[in-house]
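# Fold and contact review
Next come the chains, spelled out residue by residue.
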Amino acid sequence: MADLRRLPNLAALRAFEAAARHQNFSRAAEEIHVTHGAISHQIRALEEELGIALFARHGKRIAITPEGERFAATLRKALGDIATAAAALKADSKHKRLTVTALPSFAARWLSPRIGRFIEQHPDLEVILQSSAHLTDFVRESVDIGIRFGRGHYPGLVVEKLLDDYYYPVVSPRFNGGKLPRTPEEMAHCPLLRCEGEPWTPWFRAAGLDLLEPAAGLVFQDSSMLVRAAAEGHGIALARHVVALTDLASGDVVRLFDIASQCSLSYFLVCPQESLQKPQVQAFRQWMLDEVARPDLSALIKQA
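A brief report on the enclosed structure follows. Starting from 1, residues in each chain are numbered consecutively following that chain's sequence as written. With the structure being a predicted model, the display of local features is reserved for residues of pLDDT at least 70 and the display and counting of side-chain atom pairs for 80 or more, all residues being used for whole-chain, interface and lining totals. The basis for every side-chain value is the complete set of non-hydrogen atoms in the structure, without hydrogens or water.

As a further point, take the overall build of the protein chain. Helix and strand definitions follow DSSP, with helices as H or I runs of at least four residues and strands as E runs of at least two, each counted in order from the N terminus. For the protein chain, the count of helices and strands is ten helices and eleven strands. The globule rule used for comparison is 2.2 Å times the number of residues to the exponent 0.38, while the radius of gyration itself is calculated over C-alpha atoms. Against the compact-globule benchmark of 19 Å for 304 residues, the protein chain has a radius of gyration of 31 Å, which places it well outside the compact range. Taken over the C-alpha atoms alone, the protein chain extends approximately 95 × 40 × 35 Å along its principal axes. Contact definition: two residues touch when any of their heavy atoms are within 4.5 Å. Here the contacts in the protein chain between residues at least 6 apart in sequence split such that 74% fall between residues at least 24 apart. We get accessible surface area from the Shrake-Rupley algorithm with a probe of 1.4 Å; when it comes to residues, only the shown protein chains can shield them. In the form shown here, the protein chain has an accessible surface area of approximately 16,900 Å², with 54% of it arising from carbon and sulfur atoms. Neither His nor the chain termini are counted; the positive set is Lys and Arg, and the negative set is Asp and Glu. The atom standing in for a charge is NZ when the residue is Lys, CZ when it is Arg, CG when it is Asp and CD when it is Glu. A gap of 4 Å separates the mean positions of the 35 positive and 35 negative side-chain charges of the protein chain.

In structure tokens, the structure reads:
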């Protein structure tokens, strides 16, 4: 077995291989981000160590010697093997990583409290959970699978519906000193909280109320913040069922009335076709389908 302690300087070997391939010190310097002088110095040091000329120099021109050509071929194969082995390790590392993206409200209120169950089932996986309201570029952002809230039209992606959602009012049990509205009509004089783009009007109609859309008060861009504001006693929030579940379970908010209006948007699992070949994506997809079918969630949705 070769004595690896007698290997020439690895930086010099890399500099020589690049110079031999390009037949030019300047181009080699650009490739490995060093100066022309550094390339020249490393190759001279390598020649002195080996006791042989690797390049013939004619002024500013260089030409690789036959001995240098043979050495470069051997070195190129060795470096190629190292590069292949490193790429395989990187691919194996990515194989054990799962990157999931979801709407911030869904990630915070529905996915985060449950994701521990998935990790317990797959302890070898590194799960990266990203929360973002923008549409993900799966290739550019290296995301494996996403959960989107919309109408299901996502060209170029595999789309699978997860669940529908519903709106109903929630409020802190301590709101107004604990004197909560007993009928929908009594809400007319209460502060009504809402999310941007999610009006109260459809729920008003479902409740038989002829009220105008609130034009004042707090308006949120994130459903999770909306529910927290209700829990803190700032008013009555028109909440989405999926987002309100955690706070309902903890008792931070209570639901008002058995009246709900269906949301026009739904939750979808989306991913590129090639991602479906990854074992970790298949595992997460099946886990999500199992989670939305759990009796505790499906029963609550039926109540809504």
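On to the pairing of strand S3 (residues 97-102), then. Classification of residues uses two cut-offs on accessible area relative to the type maximum, computed with a 1.4 Å probe and protein chains only: under 20% is buried, over 50% is exposed, and between them is partly exposed. Of all six residues in S3, five are buried, a share of seventy percent or more. The pairing of S3 with strand S4 (residues 126-131) spans six bridges and is classified as parallel. Across the sheet, residue Arg97 finds its bridge partner in S4, namely Glu126. Orient the strands so they point away from the viewer, and a crossover whose first-strand-to-second-strand path over the helix runs clockwise is right-handed. Remark: the S3/helix H5 (residues 104-121)/S4 crossover connection has right-handed handedness. Pairing between two strands is assigned when DSSP locates at least 2 bridges connecting them. Pairing analysis gives three bridges linking S3 to strand S5 (residues 145-150), with the strands arranged parallel. Opposite Val100, over in S5, you have Ile145 as the bridge partner.

Assignment of secondary structure puts Ser261 in strand S11 (residues 261-271). Classification of Ser261 by relative accessible area gives buried; the value is 7%. With near-sequence residues (within four places) excluded, Ser261 lies in contact with Tyr166, Tyr167, Pro202, Trp203 and Ala206.

To estimate how far a helix should reach, multiply one less than its number of residues by 1.5 Å. Compared with an ideal rise of 1.5 Å per residue, which puts 14 residues at 20 Å, helix H9 (residues 279-292) spans 20 Å between its outermost C-alpha atoms and is within 8% of the ideal. Among all positions of H9, only Gln280, Val281, Ala283, Phe284, Trp287, Met288, Glu291 and Val292 are buried. The buried residues of H9 occupy an angular sector of 160 degrees when the element is viewed end-on, so they sit on one face. The directions considered for the arc are those from the helix axis to the C-beta atoms.

The term salt bridge refers to a side-chain nitrogen of Lys or Arg lying within 4 Å of a carboxyl oxygen of Asp or Glu. One pass over the full model with this rule turns up 19 salt bridges. Here Asp81 and Lys77 are joined by a salt bridge, their closest N and O atoms 3.2 Å apart. Here Lys77 and Asp81 lie together in helix H4 (residues 66-95), a separation of four residues that amounts to about one turn. When the shortest N-O distance is used, the salt bridge between Glu126 and Arg97 registers 3.0 Å. A residue pair is termed long-range when its members are at least 10 positions apart, and Glu126 in strand S4 and Arg97 in strand S3 qualify at 29 residues. Residue classification places Glu126 among the partly exposed residues on the basis of a relative accessible area of 41%. Three or more residues joined by partner-sharing salt bridges are found here, namely Glu17, Arg21, Glu31 and Arg76.

A separate point is helix H1 (residues 10-22). Relative to the 18 Å expected for 13 residues at 1.5 Å per residue, H1 spans 18 Å between its end C-alpha atoms, a close match to the ideal helical length. Among all positions in H1, only Ala12, Leu13, Ala15, Phe16, Glu17, Ala18, Ala19 and Ala20 are buried. Whenever two N or O atoms come within 3.5 Å, that pair is a polar contact, provided that in protein one can donate a hydrogen and the other can accept it, and provided that, for residues adjacent in sequence, both atoms are side-chain atoms. Sitting at the head of H1, Asn9 places a side-chain oxygen 2.9 Å from the backbone nitrogen of Ala11. Once H1 finishes, Gln23 follows within two positions and takes phi at roughly 55 degrees, a positive value.

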